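So you can see what is in the structure, the chains are spelled out below.
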Amino acid sequence: QVQLVETGGGLVQAGGSLTLSCAASGLTFNIYNMGWFRQAPGKEREFVGVISRGGRSTSYRDSVKGRFTISRDNAKNTVYLQMNSLKPEDTAVYYCAASTELTGHYSQYDYWGQGTQVTVSS
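Rules used in this analysis
Residues numbered from 1 in each chain as written. Predicted model: local features only at pLDDT ≥ 70, side-chain atom pairs only at ≥ 80, totals over all residues. Heavy atoms only, no water. Core = buried A, V, L, I, M, F, W, Y, C linked by side-chain atoms within 4.5 Å. Buried < 20%, exposed > 50% of the residue type's maximum accessible area, 1.4 Å probe, protein only. Helix = DSSP H or I, 4+ residues; strand = E, 2+ residues; numbered from the N terminus. Contact = heavy atoms within 4.5 Å. Salt bridge = Lys/Arg side-chain N within 4 Å of Asp/Glu carboxyl O. Pairing = 2+ DSSP bridges.

**Considering the nonpolar core**
And then number 1: M34, W36, L81, M83 and Y94 are the most contacted members of the largest nonpolar core, which has 28 residues in total.
And then number 2: Taken together, the elements giving at least two residues each to this core come down to strand 3 (18-25), strand 4 (33-39), strand 5 (46-51), strand 7 (68-73), strand 8 (78-83), strand 9 (92-99) and strand 11 (116-121).
And then number 3: If sequence neighbours within four positions are ignored, M34 has contacts with L4, C22, F29, G49, V50, I51, R72, V79, A97 and A98.
And then number 4: In terms of nonpolar packing, the next biggest core, distinct from the first, is built from five residues, F37, F47, A97 and Y109 among them.

**Some remarks on the pattern of salt bridges**
And then number 1: Under the defined criterion, the tally for this structure stands at five salt bridges.
And then number 2: Among the salt bridges present, the one from R38 reaches D90, with a minimum N-O distance of 3.0 Å. Of this pair, R38 sits in strand 4 while D90 sits in the loop between strand 8 and strand 9, and the two are 52 residues apart along the sequence. For the pair R38 and D90, one class covers both residues: buried.
And then number 3: Between R67 and D90 there is a salt bridge; the shortest N-O distance is 2.8 Å. Separated by 23 residues along the polypeptide, R67 in the loop between strand 6 (58-60) and strand 7 and D90 in the loop between strand 8 and strand 9 bring together distant segments of the chain.

**Notes on the pairing of strand 8**
And then number 1: In terms of strand pairing, strand 3 meets strand 8 through six bridges, oriented antiparallel. The partner of S21 across the bridge, within strand 8, is Y80.
And then number 2: Linking strand 7 to strand 8, which pair antiparallel, is a turn of four residues; within it N77 sits at a positive phi near 55°.

Okay, structure coming up:
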């Protein structure tokens, strides 16, 4: 069984910080690039960022650059999304996902977590 389990979501005020974790099991974690996506009500799923297999490279959508940081600990089979200076427009369900490709396209991800809600109040 492949499982990706996100934790750490919640409600925060604008300007606050939150760190999400995604614990993976049932797969060889260090061969997968790990991405974060989000989906707000009434909107399509959008790419947040991705980290490469060994954690040497990251890529982010422009709207989160400088505020969000992805990291991973392969020894713990865990990827993190640190979110600072949160804005109401960051409100969404956040998903982690695993891909054999280094990509921002959701269709190229093989495994997905269940999602965790992040709500940012103004």
